[in-house]
Every structure is written in structure tokens, then in C-alpha cells.
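# Structural characterization, general
What follows is the residue order along each chain.
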Amino acid sequence: MSYTAPVIVSNWNIASDALGVVFSSGILGMAIGALLLASYADKIGRKKIILISIIIISIGVILTGFSQNLYHLIIFRFFSGVGIGAMLATTVSLVSECSPIRSKDFWVSFVLAGYPVGAILAGYLSNIILANYSWEWVFFIFGTASLVFIPIVYLFISESGDFLNTSQNKTQNKPVLSLFSEAYLNKTIKLWMAFFFSFACLYFLISWIPKLVTESGLSLKLGIYSGTIFNLGAFFGIITQGYFSSKFGLKKTIFCFLFLTSLIMTQIDFFIGTNFMLIVFGILGFTIQGGFVGLYSVAARIYPSEFKTTGIGWGIGAGRLGAVIGPLAAGIFIVSGLGISSIFLIFAICTLISALVTYFISIEN
């Protein structure tokens, strides 16, 4: 959506704050998917939810290409988001339960690094598609490509051994309420806060980078590639974070990544309007995504298999409230005339709060 946003704004002559509603609708869908659909992975299995998620994502993305107005975009982005939210939470559970304890943090990060890799590919191909076809074809092509993974997942991904070994009675016990038991309440609240503030910053950057680049005076082509550079940095950041977490500790590594993100964002004024903006976005992708993905590993370590996916999903879902507010608030800030450096400062504070809260979450294993 962020890659096609500048073209849609131009073609439909809509305001930036209206586009913020579209961004937020997709993120709201992700929250619903993580909260509700992902929770069923603790009842019917991780693999089944992943398959259902792929079907939802594929249909939603294809339908987005048929949008005729802003309301269609909002509805179809919400529907696509449901599948994405469930997919991410369930994938984390599956990977964490299939990985050796000593390298679990690395493998969770390694698999989630596929997310920015897909975004890099999307940015590169979107630029080619938009140069030759209308924006609708971006969604037609990628939605159809997603369908290819249904047989791949069905044939080659195995169910979690931990899930299969968990008795049916345990998985039937109201897993959501377990998150608020005396043993997990403090951890749950801190995890939700960390997700909330990091989500707010991350999705502000993901949603608005191409638009902010073009508004700072650079070309539409560079605006589209800025998102690709951001995700390229994200890939290396996620892998690096996973490695450092295995070597030096998960919480310390996440704190350093998120603190650096906050520091860099306070200095954005020095790079506005220059080609160095692209380099800065690459560095921000490295730090914010690296630190943010580490929170998935934190969630996977906090909760047992009986309600692991529920715990991860509800942490993501609660955090996505920040992801909804972030892009929406940014659109309002831009329309109100607030400068880019001031907007970055606001979200830098959000990232710093996330870093501090994460550092004080108790992880036992």
C-alpha cells in the first residue's frame, strides 16, 4: 500500500489524512487477526491457521486491486490485515517451538526476516509495474503470487511438536485469561506497552516514508525506493539482532537497537531534502525493525506452549493499537503543518519508551 500511495493520491485527488485512514484500516485488521484468529492456533494447530491466513491475505490483496473508491480500499486493506496479523503471531509460535533453546532467538528473527525481504521485492517490482501499468496491477500480481504458497505450506510445513504434545484439555482452558494470572500479569502489561510504542513508530515509518521523501523534494521514484532501502536495512538489522541476542542477551540487544532508533530520529533535521535521507532510512530500518522483531522473541519466551500463540497474538494485537494511531496521527500532523523533524521527534520518544519498558520485562528462559 505504501508503494502505491503516492500514485493513488495523485489519481484520486485525496488528502494525506484520508490515506492515513487506509493505512490504519490494514493495521486494525492485523490487530483483529492477531487477537482473535491467531488464538485458534492454540486450539486447532499452527499449520491450519497459517493456511487460513494465506487464503485471507491472497483474496484481500487481489480485491484491493478492484477498489473504486476510498471505502473499498479501507475494507479490503482491513480484510488483508486480518490474515497478516494471524500469520505473524502463529509463525513466531511455530518457529520458537521447533528451534533449539540456545538459538531460539536467532531462528525467530531469521524467519521473520522474510517479512522485509518480501517488502524489498515488492518495492522493486512495484516500481517496474507502476512504470508500465496502473497501480491496480501491483495488487493483482502480488495477491496471485501469494496463492502459490498454499500448496507449499500444506506439503512441506509440519505441525509444532509442542502443540501436538499438549493435551486437548489444557488448550481448551481459556488461554486469554491466563495472560492476566498472577504469574504473567506484570509481564503481559510491559510486553503490551513495548509493542504499542514500537508499533507506533514502526508503522509511521513504513506507511509514510515514500510520501515524506517526495514531500521533502525528492522524486517519486526515489520515494518508492526509499521504502525498499528501509526494508533492506530491516533485513540485516533483524538478522544482526538475532545473532547478538543469542550472544549478549535478548533484552540488552533490543534496548540498544531501539535506543539507537530514537537517537537517529532526533537528528533527522540534518538530512531532510538531501539524498542522505535514503541512507538514514536504511539505518532506521536496521535499528527499528531489528529491535521490534526482538519483541516477538520476548513474547515467545514469556508464555508456555499451552497459550503461547494467544500470548503473542494478544501482545501484537494490543500493540497494533499503536500501529493504528501512528500513521493516522502522522497524517493529521502533516495536514496541520507540523514539520517533519517535529513529527520524527514525537515518534522518537515512543521508541525510547519501548526500549526502557523492554529492558525491565522479566524473562525466565
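For clarity, every value in this text was computed on a predicted model and none was experimentally measured.

### Digging into the overall build of the protein
A count of helical and extended segments in the protein gives 18 helices and 0 strands. At 19 Å, the protein has a C-alpha radius of gyration in line with the 21 Å of a compact globule built from 365 residues. Seen through its principal axes, the protein has C-alpha atoms that stretch 55 × 40 × 30 Å. Every one of the 365 residues in the protein was classed for burial, and the buried ones make up 56%. Looking at the protein alone, contacts between residues at least 24 apart form 82% of all its contacts between residues at least 6 apart. Here the protein has roughly 15100 Å² of accessible surface; of this, 70% comes from carbon and sulfur atoms. Measuring between centres, the 19 positive side-chain charges of the protein sit 6 Å from its 12 negative side-chain charges.

### Quick word on the packing of helix H6 (residues 104–112) against helix H7 (residues 114–132)
In contact at an axis separation of 4 Å, H6 and H7 are set at 20° when each is read in the N-to-C sense. Taken together, H6 and H7 sit at an angle that is classed as roughly parallel. Packed against H6, whose contacting residues are Phe110, Val111 and Leu112, the element H7 presents Gly114, Tyr115 and Pro116 at the interface. Considering only residue class, the contact of H6 with H7 consists of 5 nonpolar, 1 polar and no charged.

### Some words on empty space enclosed by the protein
Applying the stated rule across the entire model yields 1 cavity of 30 Å³ or more. By volume, the largest cavity amounts to about 100 Å³. What lines the largest cavity is a set of 13 residues, among which Tyr115, Gln289, Phe292, Val293 and Tyr296 lie closest to the centre. Secondary structure elements with two or more residues in the lining of the largest cavity: H7, helix H13 (185–215) and helix H16 (276–302). Broken down by element, the residue count for the lining of the largest cavity peaks at 4 residues, all from H16.

### A word on the packing of aromatic side chains
Under the criterion given, the structure shown has 30 aromatic pairs. Look at tryptophan 107 and phenylalanine 110: their rings are 5.4 Å apart centre to centre, the planes differ by 80°, and that puts the pair in the edge-to-face class. With tryptophan 107 and phenylalanine 110 both in helix H6 and 3 residues apart, this pair spans about one turn of that helix. Assessed through its relative accessible area of 35%, tryptophan 107 is described here as partly exposed. By relative accessible area, phenylalanine 110 is classed as partly exposed at 41%. Centre to centre, the rings of phenylalanine 204 and phenylalanine 344 are 5.3 Å apart; their planes meet at 75°, and the pair counts as edge-to-face. Highlighted residues: phenylalanine 204 in helix H13 and phenylalanine 344 in helix H18 (residues 340–359), separated in sequence by 140 residues.

### A word on the environment of alanine 15
Positionally, alanine 15 belongs in the loop between helix H1 (5–12) and helix H2 (16–37). A relative accessible area of 40% places alanine 15 in the partly exposed class.

### A short note on the environment of asparagine 127
Along the chain, asparagine 127 falls in helix H7. Residue asparagine 127 is classed as buried on the basis of its relative accessible area of 11%. Considered as a pair, asparagine 127 and isoleucine 84 are 43 residues apart in the sequence and their alpha carbons are 23 Å apart.

### A word on the state of the cysteines
All told, the structure shown has 0 disulfides when counted by the stated rule. Not part of a disulfide, cysteine 201 finds its nearest cysteine sulfur in cysteine 350, a span of 7.0 Å. Using a relative accessible area of 0% as the deciding quantity, one classes cysteine 201 as buried.

### Considerations on the confidence of the model for the protein
Per-residue pLDDT for the protein has a mean of 85; in total, 92% of the residues score no lower than 70. Averaged over each element, pLDDT in the protein is lowest for helix H11 (residues 168–172) (53) and highest for helix H4 (residues 46–64) (94).

### What about the side chain of threonine 90?
Along the polypeptide, threonine 90 turns up in helix H5 (residues 70–97). Setting aside its immediate chain neighbours within four residues, threonine 90 contacts Ala38, Ala41, Arg46, Ile49, Ile50 and Thr309.

### Quick word on the nonpolar core
Core analysis: the largest hydrophobic core is formed by 93 residues, its most contacted members being Phe195, Phe204, Leu205, Met265, Tyr296, Phe344 and Phe347. Those residues within four positions of tyrosine 296 in sequence are excluded, and the remaining contacts are Leu88, Val92, Val108, Leu112, Phe195, Phe199, Ile312, Ile316 and Arg320.

### Describing helix H15 (residues 250–265)
Taking 1.5 Å per residue as the helical rise, H15 with its 16 residues ought to reach 22 Å, and the 23 Å between its terminal C-alpha atoms agrees with that figure. Considered for burial, the residues of H15 that qualify are Leu250, Thr253, Ile254, Phe257, Leu258, Thr261, Ser262 and Met265. In an axial view of H15, the angular spread of the buried residues amounts to 170°, which keeps them on one side of the axis.

### Quick look at the pattern of salt bridges
Opposite charge on two side chains permits pairing when their charged atoms draw close. Applying the stated rule across the entire model yields 3 salt bridges. Residue aspartate 42 is joined to arginine 46 by a salt bridge in which the shortest nitrogen-to-oxygen separation is 2.8 Å. There is no split in this pair, since aspartate 42 and arginine 46 are both buried. Arginine 301 is the partner of aspartate 105 in a salt bridge, and the nearest nitrogen-oxygen pair spans 2.8 Å. Here the residue aspartate 105 occupies a position in helix H6, and arginine 301 occupies one in helix H16, the gap between them amounting to 196 residues. Judged by its relative accessible area of 6%, aspartate 105 falls in the buried class. With relative accessibility at 11%, the residue arginine 301 sits in the buried group.

What counts and what doesn't
- Residues numbered from 1 in each chain as written.
- Predicted model: local features only at pLDDT ≥ 70, side-chain atom pairs only at ≥ 80, totals over all residues.
- Heavy atoms only, no water.
- Helix = DSSP H or I, 4+ residues; strand = E, 2+ residues; numbered from the N terminus.
- Rg over C-alpha atoms; globule rule 2.2 N^0.38 Å.
- Buried < 20%, exposed > 50% of the residue type's maximum accessible area, 1.4 Å probe, protein only.
- Contact = heavy atoms within 4.5 Å.
- Areas by Shrake-Rupley, 256 points an atom, 1.4 Å probe, with all protein chains shown as cover.
- Lys, Arg positive; Asp, Glu negative; His and termini not counted.
- Charge placed at Lys NZ, Arg CZ, Asp CG, Glu CD.
- Axes fitted to C-alpha atoms, helices over the stretch in contact; angles between N-to-C directions.
- Parallel < 35°, antiparallel > 145°, perpendicular 65-115°, else oblique.
- Nonpolar A, V, L, I, M, F, W, Y, C, P; charged D, E, K, R; others polar.
- 1 Å grid on protein atoms, 1.4 Å probe; cavity = no way out; pocket = protein on both sides within 12 Å on 5 of 7 lines; lining within 4 Å.
- Points joined across faces, edges and corners; volume = space filled by probe spheres on them.
- Phe/Tyr/Trp six-rings, centres within 6.5 Å; stacked < 30°, edge-to-face > 60°.
- Disulfide = S-S within 2.5 Å.
- pLDDT = per-residue confidence, 0-100.
- Core = buried A, V, L, I, M, F, W, Y, C linked by side-chain atoms within 4.5 Å.
- Expected span 1.5 Å × (residues − 1).
- Arc of directions from axis to C-beta.
- Salt bridge = Lys/Arg side-chain N within 4 Å of Asp/Glu carboxyl O.

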